[in-house]
Structure formats: structure tokens, C-alpha cells
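A closer look at the structure
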Amino acid sequence: MLISKLPLLEQATSQKALFNKTKINYEISNSLSVEKAYRQTNALKSKRQLSIIKQSNESKKQIPTQNDESILKRIQATKSQSDCQIFEKLQQEFEQKYQEQVRISEDLKLENVKLKMQLEEQEQQIIYLKLINSDLRYQIDNSTLAQQLKKLELEYKDTYRRMDDTLRKAIDENYESQIKMKNLQIKSQQLEQFTFSLRQQLTCKFCRKELQNTITVIPCAHNYCQRCVSGYVGRCFACNDDSVVQATYHNEYISDLINMYKIFENIMIILKT
Ligand SMILES: [Zn+2]
Ligand SMILES: [Zn+2]
């Protein structure tokens, strides 16, 4: 009852080795499923063997006269026929699955190539986008806004410079004005002194009032009102010495001078206000 399993196993192993060449991840599971099927077949085979043995034993019991060798031959023939059928079935199954795996593998290879191409395309797009990005940055740097900003900055600098110039000019002018003012003050003081001196000249030396009908004494040239006789008769009141008054004369020029001084005084009042 010995049945050789070696050829079957050898072929199954070679099929398995060939199957392993597909290098697909789920090949192991498929291989396992095939192995499982193989084991199941073996189990079935063992069951059959047992049943055949049983039958054989029963036949032996039932027909003890029958030749054991012929029965054994028949059993062996039946057995090998059954094994051949199982093997062919397995081989077909292997072949089918192998072809399927090859097809899947080729599909995957094609898909891989497609993906690689897509990846390369995307990489090119990334490079292109990077270029666009740098270009955009450059454009932003040189955009209208930046130009406007630069223009404003220049305008601001120009305005600042002009304002600075104006300020310096104003300071200079102010300084000049101050000098002018000082000169004017000096002139004004001189004018006041002159006015005071003129007023003194146009005032009677006796009554200390504005000269009325002016009388001038010769030789000292002091002026008195005509009515202030005590100032100029015999001797000059202002000189107050023993010098003799040689002569006097009615000075019309002083009257004109007084009129001119009055006009001048009014002008001075207007200028001060
Ligand atoms: Zn007088
Ligand atoms: Zn005098």
C-alpha cells in the first residue's frame, strides 16, 4: 500500500519556485492557498486511501479466495490514475494563477511607469512653479506700489530739503531783520536825541516854553519869546554873565522851523504807533 509522493512534491516545489519569481507581495498568500489546497487534496487522498484500504479489507473478508496481488494492482492503478488527475488539476490551477500573477505584475509595471511619468511631470511643474514664484517676487519688488513708494520717498526728501532751505533762509532773514532792527533802534535813539536837541533849540531860554515871535540875541544866538523881555534886554539870561547884548533880531526862520518840527513830531507819533 505504499504510494510514492516524490514526483508530485518535486513538481509542486518547482512550480512554487517558478511562482516565487513573480515577486508580488501577495504571492505568498496565494502560494499558501495553493499549498492549503494541496494539503486538502492530500487529506482527501488519505481519506480515499483509508476507504480503499477499508474496502480492500472488507473485500478480503468477503472474498477470501480472491488473489490479493491483483486487487493490489487494481488499487495501485486506481490510485495512480487518481493522483494524475489531482496533479493535472493542480498544475492547471498553478498555471492559471501564475498567468494571472504575471498579468497583474505587468499591469503593475505599466502603472508604475505611468506613476513615474506623472511624478516627473509633477517635478517639472514644481520647478516651473518655483520659477514663476521667483519671477513674481521680482515683479512685486519692482511693482507699481514699490515705485510709488520710492517716488514718495524722493518727494519727501525733496520737500524736506526745500523746507530746510526755507528754514535756513528764514533764520538768515531773521538775523538780518534783527540787525536791521538794532540799526533802526540806534537810528531811533539818535533821532530822539536830535529831537530833544531841536526841542531845546526851539524852546525859550527864559520861560522854557515853545518860542513865540522869536527874538535871537547877537552874538550868543540864544532865542527868547518876544514877550520874555527879561531874557534878552541888557544881558542874555541864558549866558548869565557880563557880556553885553550887541543886538537882537526878529527870527522868522525859527517860526518856520517850529512848524516843520510839529509836522515831524506828528510823523514820529504815527511811526511809533
Ligand atoms: Zn519865553
Ligand atoms: Zn546867550
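For the structure given in this document, a descriptive report is provided here. (Residues numbered from 1 in each chain as written. Chains lettered and ligands numbered in written order. Predicted model: local features only at pLDDT ≥ 70, side-chain atom pairs only at ≥ 80, totals over all residues. Heavy atoms only, no water.)

**Concerning the coordination of the zinc ion (ligand 1)**
Coordination of the zinc ion (ligand 1) by the protein involves Cys204 (SG), Cys207 (SG), Cys225 (SG) and Cys228 (SG), with metal-donor separations of 2.2 to 2.4 Å. Its four donor atoms give the zinc ion (ligand 1) angles of 101 to 118° at the centre, a pattern that matches the tetrahedral case. Counting gaps between the donor residues of the zinc ion (ligand 1) yields the pattern C-x2-C-x17-C-x2-C. Residue class for cysteine 207 comes out partly exposed when judged on its relative accessible area of 24%. (Donors = N, O, S within 2.8 Å, 3.2 Å for Na, K, Ca; no water. Tetrahedral: all angles 85-135°; square planar, octahedral: opposite > 155°, others 65-115°. Buried < 20%, exposed > 50% of the residue type's maximum accessible area, 1.4 Å probe, protein only.)

**Details of the sheet that holds strand β2 (residues 223-224)**
To summarise the sheet geometry, strands pair through backbone hydrogen bonds and adopt either a parallel or an antiparallel arrangement. Taken in spatial order, the three strands of this open sheet run β2-β1-β3, and their pairing is antiparallel. Every interior strand has two partners, whereas the edge strands, β2 and β3 (247-250), have only one. Bridge count for strand β1 (residues 215-218) against β3 is four bridges, and the pairing is antiparallel. Note on β3: the bridge partner recorded for threonine 216 is tyrosine 249. (Pairing = 2+ DSSP bridges. Helix = DSSP H or I, 4+ residues; strand = E, 2+ residues; numbered from the N terminus.)

**Digging into the environment of valine 233**
With respect to the element layout, valine 233 can be found in the loop between α5 (229-232) and β3. Assessed through its relative accessible area of 52%, valine 233 is described here as exposed. As a C-alpha pair, valine 233 and threonine 248 span 15 residues in sequence and 8.9 Å in three-dimensional space.

**Remarks on unusual backbone geometry**
The amide bond that connects isoleucine 218 to the next residue, proline 219, takes the cis arrangement and shows omega of 20°. Here proline 219 lies in the loop between β1 and β2. Of note, arginine 208 is a non-glycine position whose phi angle comes to about 60°, a positive value. Among the secondary structure elements, arginine 208 is positioned in the loop between α4 (144-201) and β1.

**Points about the packing of aromatic side chains**
For the coordinates displayed, the defined rule picks out three aromatic pairs. Arranged with centres 6.2 Å apart and planes meeting at 40°, the rings of tyrosine 224 and tyrosine 232 form a pair that is tilted. With respect to class, tyrosine 224 is no different from tyrosine 232; both count as buried. (Phe/Tyr/Trp six-rings, centres within 6.5 Å; stacked < 30°, edge-to-face > 60°.)

**Side note on the coordination of the zinc ion (ligand 2)**
Listed as protein donors to the zinc ion (ligand 2) are Cys220 (SG), His222 (ND1), Cys236 (SG) and Cys239 (SG); their distances from the metal cover 1.9 to 2.4 Å. Relative to the metal, the four donor atoms surrounding the zinc ion (ligand 2) lie at angles of 103 to 115°, and the coordination shape comes out tetrahedral. When the donor residues of the zinc ion (ligand 2) are listed from N- to C-terminus, their spacing reads C-x1-H-x13-C-x2-C. In this pair, histidine 222 sits in the loop between β1 and β2 while cysteine 236 sits in the loop between α5 and β3, placing the two residues 14 residues apart along the sequence. Given a relative accessible area of 21%, histidine 222 falls into the partly exposed group. Judged by relative accessible area, which is 2%, cysteine 236 ranks as buried.

**Topic: the pattern of salt bridges**
The final tally for this structure, using the stated rule, is eight salt bridges. Close ionic contact of aspartate 158 with arginine 161 constitutes a salt bridge, the shortest N to O distance being 2.6 Å. One end of the pair is aspartate 158 and the other is arginine 161, both in helix α4 and three residues apart, which spans about a single turn. Note that arginine 199 is salt-bridged to glutamate 265, the shortest N-O span being 2.3 Å. (Salt bridge = Lys/Arg side-chain N within 4 Å of Asp/Glu carboxyl O.)

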